[in-house]
Structure formats: C-alpha cells, structure tokens
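# Per-entry structural report
Letter by letter, the chains look like this.
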Amino acid sequence: MDFKLYKNPDGPDIGTTGARIIEADGLYFKDLSGTGELLPYEDWRLSDEERAKDLASRLSIPEIAGLMLYSPHQMVPAMPGGPFPGTYEGKTFPESGALPWDLTDQQKSFVDRDHVRHILAMALENAETAARWSNELQAYAESLPWGIPVNISSDPRHGSSQAGAEYKSGAGDVSKWPEGLGMAATFSPETCRAFGDAVSKECRAMGITTALFPQVDLATEPRWMRLEDTFGSHPQLVTDFSRAYCDSLQTTEGSPDGWGKDSVCAMAKHWPGGAPCEGGRDAHYPFGRYAVYPGNNLKDHLKPFLEGAFALPGPTKSAAAIMPYYTVSWGLDKKDGKNVGNSYSHYLINDLLREKYGYEGIVCTDWGITADPEPEIDSFSSRCYGVEDLTEAQRHLLAIENGMDQFGGNSAIAPILEAYEIGCERNGEEAMRQRMERSAVRLLKNIFRCGLFENPYLDPEESVKVAGCEEFCRAGYEAQLKSVVMIKNTGVLPQRERRKVYIPMRHIGPMKAFFRWDMPAQDVDPVSTELVEKYYDRVSSPQEADFAIVFIESPLSDGGYSKADREAGGNGYLPITLQYRPYKAETAREVSIGGGDPREDFTNRSYKDKVGYAANESDLDLVLDTKKAMGGKPVIVVLRMHKPTVPGEFEGSADGILVDFGVQGQAIMELISGAAEPGGLLPVQMPRDMETVEAHCEDVPLDMEAYTDSEGNTYDFGFGMNWGGVIKDERTGRYHR
C-alpha cells in the first residue's frame, strides 16, 4: 500500500492514499469531506474536542451508530476452521490467493455498510502483516464518506506465558513481559511504567491505537480464573501499577497535552471491579453472573480507578476508556435495587461513574452482552444478565441511556438504529440526537488524539524494527526474571554446576476449556530438552539424577459448574478448588448470596458438602513420587501459579520452590542455575487450606490465613526470598498488609 506524505513545517505530517490536500496559510490539510474547503474537523490546529464536536454534528445517525460498534475478534489472516473465520472474494484464505494483510469480505462490509471504525485485532501473523493490514484498513476507510480512520485495538499480547521457551528479539513479534500477577510480583511501579512504554511503541508500530487493558481489578477472590491478569490483591499496589501503566501507555513525550504518535488509549477494566465473583465463578458464563460484597467493601475496588486510572500524573490525566464487567454487582444499587449486569445499571454507570466521579471518557461494554440468551446455562454466551426480558434493541437503549458509549463485540448496526427510534418516541428526536452525539464526540476524540486523521499509515520496514526490538525484549526478559518468587530454599538453590537433572512429564486430565468445550486428557513435557541441555544433562530416571525439577501448575477446575450434577438432580454448582486432592466443601455457605436465572427454578447456588476436583491432581503425585524416588537428593518444585494455591499438600516434599506467574522457560533455568537471582515477592496470599478460603469475603483483600511452611516461613502477601534469605527491602516497606 503506497501512501504520500506531506510535511508541515510546524505541525503533523499528512499521510494519504487518496484524499485531496488543501493548502492554507502555507500548511497542508486533508480534504476528507471532499468539499474542497477546510472544515473544522479537518483543521489540525484546533483542539481534539472542537474537531470531534464539529464532525459529530455532521454525521448521520447510522454513521454515529457505526462508531458505537466494536467489531468481533479479527484474525489476520482469517483462516478457515478457526473460531473467527473470514472469506476473501467469497473464498477461504488458502483458496483465494490473497495476501495475509488483505481485507476480508466481512471487514469491508462492516466498515462500509455498518460504518464500524473500532476493530479488535486478535491474531496478527507478525509486525509486517499487522502494519500492512492496518494500512489497507485505513486506505479503505479514507475512501469512504468523511474519511474517518479506523481505531484498531488489541487485548494484551505481550504476556510471556505463551511465548517460546527462550528469550529472543527481532523475530517480528512483540517483546515478552510477565503476566499481570508477575508484573505485580516485581513490586515495582517503575518496571510497570517501562512495560507500558514498550507496549505503546510496539502497538503503534502495528497500527494498534487502543489497548483493551490494563485489568485493574483488585484481586480479592482467589478462585477467580482472571486473577492472574490483575496486579494482585493490595489496594495501593494495584492503584500505583494502574496509574503507572495507563500513564505510560497514553503519553507521547514532548506533546503538550500528552497525546500523539506514541499514544495508545487505555481501556481500563472492569468497572466497578470484576473480582468479587461469588465462589470464584466467572461472569463469562451465566452460572458465574453474580459479584457479591459480603464485606461491604466497594471502596477498595474503586480505588485503582479513582486514584489510579482516573488520576494520571501526566498530561493525558485519565484513562481514555473504561469497560464494565459482565457481572451483576449484587446489592450495590442502593437507588432502585435492581440486580442487573453492570452496563445495564443506571446507578453504577450514570450515578456513580458519570455523575459522582465525573468520568467523561468512553465507556464500552464487555464483549457480547446484548444478544438473546442461549437455552443452556453452561455456555460461553448469554450475558444480558437481568434484562433477558427486553429485546436486543431495548437492551441497547437502556445501556445508552445509562451513559454507555460503545458495544463490544457488536458489528451489526440494526439494533442501535432500532434503539434510536424507540428513544425518539420516548424522549423526542432532538434529545436522542444529542445523546448519540455525546457518544460520537467521545469516540471521535480518541481517534483525533492519536493523530490518525492526519496520518494513520505505517512504514512496514520501520514497524518490524520497532516490534520485538532488542531494547524492549531485553527489558521484558529482565522483568520476567524479577517476577519469579522463591518461597522455599533449604540450600538446594542455586544449582550452579552442570549436573544430571530429572524432570518428569505432566499429565492433565479432561476438563472444560475457556469456551466450555471438552478438552481431552493430555500429557505435557513442561520444558524442552533442548533448553535444559544448555544448563544440565537431562536424564530419564530419578536414579540417574543428581537433582530433580518438578514443574506443576495451580489446581485446574471446571469453573464451578457441572451439567452432570444438574442432570442428576443437583443445582449444578460445585466448589472451585485451590488444592489438588478432592475437596469436600463442608464449610461453604448454606445459601448463596446471589441467585436467580430465567433457566433455573431456584435461587440458591450453594455447593455446600459437594466435592470439587482438580484436573491436574497428578501434579501433586509428581512431587510426592519424585521426592520418594530421589532418595534424599534435592527436589525443586516450579509452580506455575495462575491463582493462589494451597501449598500444604506438596511443600514438605520440596527442598526448593519457585513460583512462576508466567515466564519463559529460560528465565526459570537462569534462576535455578544461579545465572540470575530471584527477587520477586508474593502479590497475593497463599491460603493455609480451603476452609480459610471458604471463610473469607469475596470483596475483601488479604483476609485469609496464609500457609506457614516447614521452615517457619509464612506465604503471605509480600513474602519472597533471595539467596540471602527472606527479602526485607524498600518494596516490602512500601507495600505491606
């Protein structure tokens, strides 16, 4: 895709593939409207607010409705057989002969017909493909009326847990950093700020201008499946990390208002805090729809927003966008008592977020909340919680009237247009037009802020140089090393000499996947022999080995619901366990706090006296059997901890324990071999047992009794060790219980 650049002496470069250029006062401007005159929205000398208001006033209602849509996940290229397929001139990608960055039929359709300008990129083959696809999208959008650029967004793509085993750079991919909990384990907001800076520059190199992150939820519920993407359980630490990350994502250095070529709009989530889900069940699924507040502790969940994402030290001042969670925040609506999904709550969105706390940025729903419910409660869908009796258009209108601006995962314009018609009948056309324009101004403002109206085009060669460059990759890898927490060492770490090591295979039993399909059992080699052999000689039996490394994972469960239990006459609800052996919930609540669903004829979701199982119970057997087989030789356990884990079942059989929140295998081997020293601290508590988990309040942080090990150390928030012993430093002084 060729584009032409016009250089302004004291202003932005103007990039275009087809729009005419207007010269005025010795400066260049795009004639995006095709009128031949310089309209206010085309004049980059005006403020983003002025330009957005001018353009919003010119748009038709369908064009405004298109801005309020947010596309489903896009795969680049879109391959057949995947979860989000696409076609090219009516053919699959392999059949079509299309280039990887060509636009799909579906993308052309929703950009043109439905006026969609916010697109979520999921899979991007590499940085070059991303840049070229972005250019194709922007050129197509520029050719349409008003020339409104596309705002491409992404979910987090810098996590190291899914990266290759070894550190590398310059491979056309982005740098790899710790997952959220791992970043928190550094206890260093400065490291998080460097992370945000790298993410913003690499995202802009790929055409991405909105980040559907960070996840600033305060991780108060240890059984929640999304806990590993948070910054942990300490209100002040989460607040400081949220502030640092959003500020560095959005700030272009040297720009008076902070916005510019390096800026990525942060969409902080999930208002008013997604973590306190009852029993740990997640609201992606109807059986996990309720967030509960038995400790009456909303204030701690709001803190990362109010004092973090909304209080940035830099000139951008506040996160550009906010996403509420799917949950029904049980009992929070003190105004009219409605228990509905957060985006449908007038109290949570209008009264609190908009009016009390004065938030003026974009508020976007989480993905897929407006469609009609599926008949099956055990499904990855059906999230119109509490408003199942409304039509799809009525749900859109309710959210709009609450103060919502955008609908995640929706690329069909019809329901918003129908909502507009209903709103006109109810409130009058002028009032409804004004309401829609307010959202349009907010949405356009973010596109102006990032400079896309002037030049959305990328040089693919430069993109490849930035994404995955040595500077960012090295910084990410060093952060990975800092994130690993050593919680036990009886003198077996480090293993500096080249010795013989035994590393057993893992077995994971059948379980439900994220999308609720059945995953078969699998055997897993936790680390490649090729990597291990750079440090030690890998042997096949404990008898041959000098020491053992046992890789295990937090207990894996089916999310707290079983169709088989329901069919057998139960209510379907089961405990989510944080231990490996079967767990009977004898101390669970007799009656659930939240309850009720159109597909259920009961409201009590209690799982008391039922048994929860871990699909990876054999991880515990690996540790116990290896300890026995090694006959007193050192056993080092590496725990990949997605969620707080009850360590009492295996700790006594481990001579050393490293907690990994999602790093590349090389980082683990560097630490075990002594090439690097552990320095991470626990950003969560590791509970003594499941009884302390059942006794805690889902909305209260750090309220469990932590486990004390055989060496007398307690695995509480802030605990960690280095080669010298228990860490006590500036970080533990700054963040403590």
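See the structure printed just above.
Residues numbered from 1 in each chain as written. Predicted model: local features only at pLDDT ≥ 70, side-chain atom pairs only at ≥ 80, totals over all residues. Heavy atoms only, no water.

The next thing to look at is the overall build of the chain. A count of helices and strands for the chain gives 21 helices and 29 strands. Its C-alpha atoms give the chain principal-axis dimensions of roughly 85 × 60 × 55 Å. Here the chain holds 737 residues, and 63% of them are scored as buried. Taking the intrachain contacts of the chain between residues at least 6 apart in sequence as the baseline, contacts between residues at least 24 apart amount to 73%. Surface exposure of the chain reaches about 26300 Å², of which carbon and sulfur atoms provide 49%. Considering the chain, the positive charge centre built from 75 side chains and the negative charge centre built from 113 side chains are found 2 Å apart. (Helix = DSSP H or I, 4+ residues; strand = E, 2+ residues; numbered from the N terminus. Buried < 20%, exposed > 50% of the residue type's maximum accessible area, 1.4 Å probe, protein only. Contact = heavy atoms within 4.5 Å. Areas by Shrake-Rupley, 256 points an atom, 1.4 Å probe, with all protein chains shown as cover. Lys, Arg positive; Asp, Glu negative; His and termini not counted. Charge placed at Lys NZ, Arg CZ, Asp CG, Glu CD.)

Topologically, Ser379 is positioned in the loop between β14 (362-363) and α11 (392-402). Look at Ser379 and you get buried, because its relative accessible area is 10%.

Moving on: a negative patch on the surface. Side chains of Glu392, Glu418, Glu421, Glu425 and Glu429 sit close together on the surface and give a patch of like negative charge. Here the negative patch takes three residues from helix α12 (residues 414-427), the largest share from any one element. Position of Glu425 relative to the elements: it lies in helix α12. (Patch = residues over 30% accessible without salt bridge, like charges linked within 9 Å, V, L, I, M, F, W, Y side chains within 5 Å. Salt bridge = Lys/Arg side-chain N within 4 Å of Asp/Glu carboxyl O.)

Another aspect to go through is the environment of Arg538. Within the element layout of this structure, Arg538 appears in strand β22 (residues 537-539). On the accessibility criterion, Arg538 (18% relative accessible area) is buried. A C-alpha to C-alpha distance of 9.6 Å links Arg538 and Ala548, two positions ten residues apart in sequence. For Arg538, the contacting residues outside a window of four places in its chain are Val501, Ile503, Asp525, Val527, Ser528, Thr529, Val532 and Glu533. A polar atom in the side chain of Arg538 sits 2.9 Å from the side chain of Asp525. (Polar contact = N/O pair within 3.5 Å; in protein donor to acceptor, adjacent residues only side chain to side chain.)

For the rest of this paragraph, the subject is the packing of aromatic side chains. In this structure the tally under the stated criterion is 36 aromatic pairs. One aromatic cluster is present, formed by Tyr285, Phe287, Phe380, Phe514, Phe515, Trp517, Tyr561 and Tyr573 through successive ring pairs. A cation over an aromatic ring shows up here: Arg132 above the ring of Trp101, its NZ or CZ 5.1 Å from the ring centre. Seen from the ring of Tyr326, Arg383 lies directly overhead, with NZ or CZ sitting 4.7 Å from the centre. (Phe/Tyr/Trp six-rings, centres within 6.5 Å; stacked < 30°, edge-to-face > 60°. Lys NZ or Arg CZ within 6 Å of the ring centre and 35° of its normal.)

This brings us to unusual backbone geometry. Note the cis peptide between Val76 and Pro77, where omega equals 0°. Inspection of the secondary structure puts Pro77 in the loop between β6 (73-76) and α3 (93-96). Going from Leu493 to Pro494, the amide bond is cis rather than trans, its omega being 0°. Looking at the secondary structure, you find Pro494 in the loop between β16 (485-489) and β17 (500-502). One non-glycine residue, Trp146, lies in positive phi territory at about 75°. As for its placement among the helices and strands, Trp146 is situated in the loop between α5 (127-142) and β8 (151-154). One non-glycine residue, Asp609, lies in positive phi territory at about 70°. Relative to the helices and strands, Asp609 resides in the loop between β24 (583-584) and β25 (611-612).

What follows is about the packing of helix α7 (residues 189-205) against helix α8 (residues 235-250). Taken N-terminus to C-terminus, the directions of α7 and α8 make an angle of 30°; their axes are 7 Å apart at the nearest point. Overall, the two elements α7 and α8 adopt an arrangement that is roughly parallel. Handedness of the crossing formed by α7 with α8: right-handed. Counting all contacts with α7, which are made through Pro189, Cys192, Arg193, Phe195, Gly196, Asp197, Val199 and Ser200, the residues of α8 involved are Asp240, Phe241, Ala244, Tyr245, Asp247, Ser248 and Leu249. In terms of residue class, the contact of α7 with α8 is built from eight nonpolar, three polar and four charged. (Axes fitted to C-alpha atoms, helices over the stretch in contact; angles between N-to-C directions. Parallel < 35°, antiparallel > 145°, perpendicular 65-115°, else oblique. Left-handed = near helix turned anticlockwise from the far one by under 90°. Nonpolar A, V, L, I, M, F, W, Y, C, P; charged D, E, K, R; others polar.)

Relative to the helices and strands, His118 is located in strand β7 (residues 118-124). Looking at His118, its side chain comes within polar contact range of the main-chain oxygen of Leu67, at 3.3 Å. A polar atom in the side chain of His118 sits 3.1 Å from the side chain of Gln406. Discounting residues that sit within four places of it in the chain, His118 has contacts with Leu67, Leu69, Tyr70, Ser71, Asn151, Gln406, Leu443 and Ile447.

Here we come to a nonpolar patch on the surface. A surface patch of nonpolar side chains, amounting to about 310 Å² of accessible area, comprises Phe514, Phe515 and Trp517. If you trace the backbone, Phe514 turns up in the loop between β19 (511-512) and β20 (518-519).

Spatially, the seven strands line up as an open sheet ordered β6-β7-β8-β9-β10-β12-β14, and their pairing is parallel. The sheet is open, and its two edges are formed by β6 and β14, each paired on a single side. Relative to strand β10 (residues 265-271), strand β9 (residues 208-211) is paired through two bridges, and the arrangement is parallel. The partner of Ala211 across the bridge, within β10, is Ala266. Its contacts with the sheet place α5 against β6, β7 and β8, and it is angled at close to 155° to β7. (Pairing = 2+ DSSP bridges.)

Time to look at the environment of His346. Summarising the element assignment, His346 is placed in helix α10 (residues 346-356). Considered as a pair, His346 and Cys473 are 127 residues apart in the sequence and their alpha carbons are 44 Å apart. If near-sequence neighbours (up to four positions away) are discounted, His346 is found in contact with Lys335, Asp351, Glu401 and Asn402.

Right, let's get into the nonpolar core. Residues Trp133, Trp271, Met436, Leu444 and Phe453 are the most contacted members of the largest nonpolar core, which totals 133 residues. Per-element tally for this core: the top contributor is helix α13 (residues 429-449), with eight residues. For Met436, the contacting residues outside a window of four places in its chain are Ile61, Ile64, Met68, Ile400, Ile416 and Tyr420. (Core = buried A, V, L, I, M, F, W, Y, C linked by side-chain atoms within 4.5 Å.)

Let us now look at the pattern of salt bridges. Going through the model one piece at a time under the given rule, you end up with 58 salt bridges. The structure contains a network of salt bridges with shared partners spanning Arg289, Glu388, Asp597 and Arg599.

A word on the pairing of strand β23 (residues 547-553). Burial analysis of β23 places seven of its seven residues in the buried class, which makes it a mostly covered element. Residues Phe547, Ile549, Phe551 and Glu553 of β23 are buried on one face, and the alternating residues Ala548, Val550 and Ile552, pointing to the opposite face, are buried as well. Taken together, the two bridges between β17 and β23 define a ladder with parallel strand orientation. By the bridge assignment, Val501 is partnered in β23 with Phe547. Sheet analysis places β23 next to strand β26 (residues 635-640), joined by six bridges and oriented parallel. Paired with Ala548 across the two strands is Val635, which belongs to β26.

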